[in-house]
Amino acid sequence: MVTPVWLRSSRKSRKVRLDIDEVTCLFRQVHPEAADEWDARLRLLEALKAMDGSVIKLPDTSTWDGKRTPALPRTIRILGNQKAVPIKRARAWAPELQDLQDWVGSLRNPITLSALEAINEWIIRYRDQDLQLVPTPERSLQIFGDEKRLDQLRAGDAALFGGRLSLARLGTYVTPLPLIYQRGERPGPMRVVENLASYESFRHWNADAYSGHPFGAVVWGEGNKILALTAGLLECASRLHCDTVFYVGDLDPEGLVFLTDLCEWGRSVNLLVRPHTAAYRFLLDHGHRAPFVRTRDVRFADLVGHFPKEMREEISTLVRSGHRIAQEALGTEALYRTGNEIFQRGTP
């Protein structure tokens, strides 16, 4: 087996033994598609095992660092007399990739170049066909024979290779997370709740004739996944002819960040997203105030700006004091006891 390109620099320095931190750094430089630390360590482990005995020598597994998963050797020993992998250049590039030529000419990453060549071959092969827009795993399977490869290459972005190649050029898109919601009996604003238990309580109460059906739909925001659900949220709002979304979550820094992010997103797509002040008012008046450990530094003025002026200082004071109020304080019992008073139809 020949020496992979990512070990070339170590051979130039004539080092025989490398510690794992140096190996990891070299590996990540030519494998930016590794989505996270776990993915990078797994890919590195597979590469090391493939080279063991021909390019490198791995130590006994009993000496490996097992503090993180997967375990990796603390050092590797490079064997002598190995040749570097030549980088093969594509002979002809599709017109759709012509604007990438200068970048391609400077590439020294064989993994990236190989991916580009596969994409180039696919574009040429299917250029004259009328292709439908499909989810990334389906297109990835056609291009690479691996349904996960495109998502690995984009590494969380909506484009490939640092934004140089859009997914739209390949007739594909990132599959949005499904939106979990229950439609109301009557048209009305949508209500997004942060936590699952609150979603369960609100959807049952909203469906009960006793409530007067104040909401056109009740949506589960899935906590910190809310911004990953915006495509479904926008589709749901369009389908239900809804132009207003009310949000309620925990009264703590994290919950306020979710609310702020959603409000800002709504502004970018011309959908009115507001804190459900009636619900937050109930939490402030009746919710249990519990201490919490602050896990992030935030500017509270930025997180309460979407609330009415008379509530901003009250919420800021609550959180600055190191206390929070869980949204579950407005649960099933509270809804059936006072929900009709809290949520008069059309009242924010």
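See the structure above.
Please read these numbers as outputs of a predicted model, since none were measured by experiment.

## A short note on the packing of aromatic side chains
Step number 1: Under the counting rule described, the total for this entry stands at three aromatic pairs.
Step number 2: Ring geometry for Tyr280 versus Phe307: centroids 5.0 Å apart, planes at 80°, classification edge-to-face. In this pair, Tyr280 is assigned in helix α11 (residues 277–286) and Phe307 in the loop between α12 (300–303) and α13 (309–320), connecting sequence segments 27 residues apart.
Step number 3: A relative accessible area of 0% places Tyr280 in the buried class.
Step number 4: On the accessibility criterion, Phe307 (1% relative accessible area) is buried.
Step number 5: Seen from the ring of Phe202, Arg191 lies directly overhead, with NZ or CZ sitting 3.4 Å from the centre.

## Describing the sheet that holds strand β11 (residues 244–248)
Step number 1: Strand order in the open sheet formed by five strands is β8-β10-β9-β11-β12, and the pairing between neighbours is mixed. Each having just a single partner strand, β8 (181–183) and β12 (272–275) make up the two edges of the open sheet. Averaged over all pairs of adjacent strands, the angle between their axes in this sheet comes to 20°, without regard to strand direction.
Step number 2: Helix-sheet contacts for helix α8 (residues 196–207) involve β8, β9 (190–193) and β10 (217–220), and the interaxial angle to β10 is about 170°.
Step number 3: In the packing of helix α9 (residues 230–239) onto the sheet, contacts are made with β8, β9 and β10, and the angle to β9 comes to roughly 155°.

## Regarding unusual backbone geometry
Step number 1: Phi is positive for Glu222, which is not a glycine, with a value near 55°.
Step number 2: Since its relative accessible area comes to 17%, Glu222 is described here as buried.
Step number 3: A positive phi angle is found at Asn270, which is not glycine, with a value near 60°.
Step number 4: Relative to the helices and strands, Asn270 is located in the loop between α10 (253–268) and β12.

## A look at the packing of helix α5 (residues 110–126) against helix α6 (residues 136–144)
Step number 1: Look at α5 against α6: their axes get within 9 Å of each other, and the N-to-C directions meet at 95°. One way to sum up the angle between α5 and α6 is to call them roughly perpendicular. Facing Ala115, Ala118, Ile119 and Trp122 of α5, the residues of α6 in contact are Arg139, Gln142, Ile143 and Phe144.
Step number 2: The class makeup of the residues in the contact of α5 with α6 is six nonpolar, one polar and one charged.

## A short note on the pairing of β12
Step number 1: Burial along β12 is one-sided: the face carrying Val273 and Pro275 is buried and the face carrying Leu272 and Arg274 is not.
Step number 2: Relative to β12, β11 runs parallel, the two being bridged by four bridges. Each bridged residue has a counterpart across the sheet, and for Thr244 the counterpart in β12 is Leu272.
Step number 3: Once the chain exits β11 it traverses α10 before rejoining the sheet at β12, and the crossover so formed is right-handed.

## Overview of the pattern of salt bridges
Step number 1: The full count for this structure, using the stated rule, is nine salt bridges.
Step number 2: For Lys225, the salt bridge goes to Glu222, with nearest N and O atoms at 4.0 Å.

## Digging into the pairing of β9
Step number 1: By the alternation rule, side chains of β9 split into Met190 and Val192 and Arg191 and Val193, which are all buried.
Step number 2: Across four bridges, the pairing between β9 and β10 is parallel. By the bridge assignment for β10, Met190 is matched with Ala217.
Step number 3: Looking at chain direction, β9 and β11 are connected through four bridges and run parallel. Opposite Arg191, over in β11, you have Phe246 as the bridge partner.

Cut-offs applied
- Along each chain, residue indices are assigned from 1 in the same order as the chain's sequence is written.
- Only residues with pLDDT of at least 70 are given local features in this predicted model, and only at 80 or more are side-chain atom pairs given and counted; all residues enter the totals for whole chains, interfaces and linings.
- Based on all heavy atoms of the structure, the side-chain values leave hydrogens and waters out of the count.
- In this analysis, rings of Phe, Tyr and Trp, with Trp reduced to its six-membered ring, are considered paired at centre separations within 6.5 Å, and the interplanar angle assigns stacked below 30 degrees, edge-to-face beyond 60, and tilted for intermediate values.
- Numbering of helices and strands starts at the N terminus; helices are DSSP runs of H or I of at least 4 residues and strands are runs of E of at least 2.
- Each residue is placed in one exposure class: buried if its accessible area under a 1.4 Å probe, protein chains only, is under 20% of its type's maximum, exposed if it is over 50%, and partly exposed if it falls in between.
- Sitting over a ring, as applied to charges here, requires NZ of Lys or CZ of Arg to be within 6 Å of the ring centre and within 35 degrees of the ring normal.
- Two strands pair under a simple rule: DSSP has to find at least two bridges between them.
- Angular values range over 0 to 180 degrees, each being the angle between N-to-C directions of two axes fitted as lines to C-alpha atoms, with helices fitted over their stretch in contact.
- Contacts are assigned to residue pairs that have any heavy atoms within 4.5 Å of one another.
- Each angle receives one of four descriptions, namely roughly parallel if under 35 degrees, roughly antiparallel if over 145, roughly perpendicular if within 65 to 115, and oblique otherwise.
- All amino acids are sorted into three groups, where Ala, Val, Leu, Ile, Met, Phe, Trp, Tyr, Cys and Pro are nonpolar, Asp, Glu, Lys and Arg are charged, and the leftover types, Gly among them, are polar.
- Here, the term right-handed applies to a crossover whose path from the first strand over the helix to the second runs clockwise when the strands point away from the viewer.
- When a carboxyl oxygen of Asp or Glu is within 4 Å of a side-chain nitrogen of Lys or Arg, the pair counts as a salt bridge.

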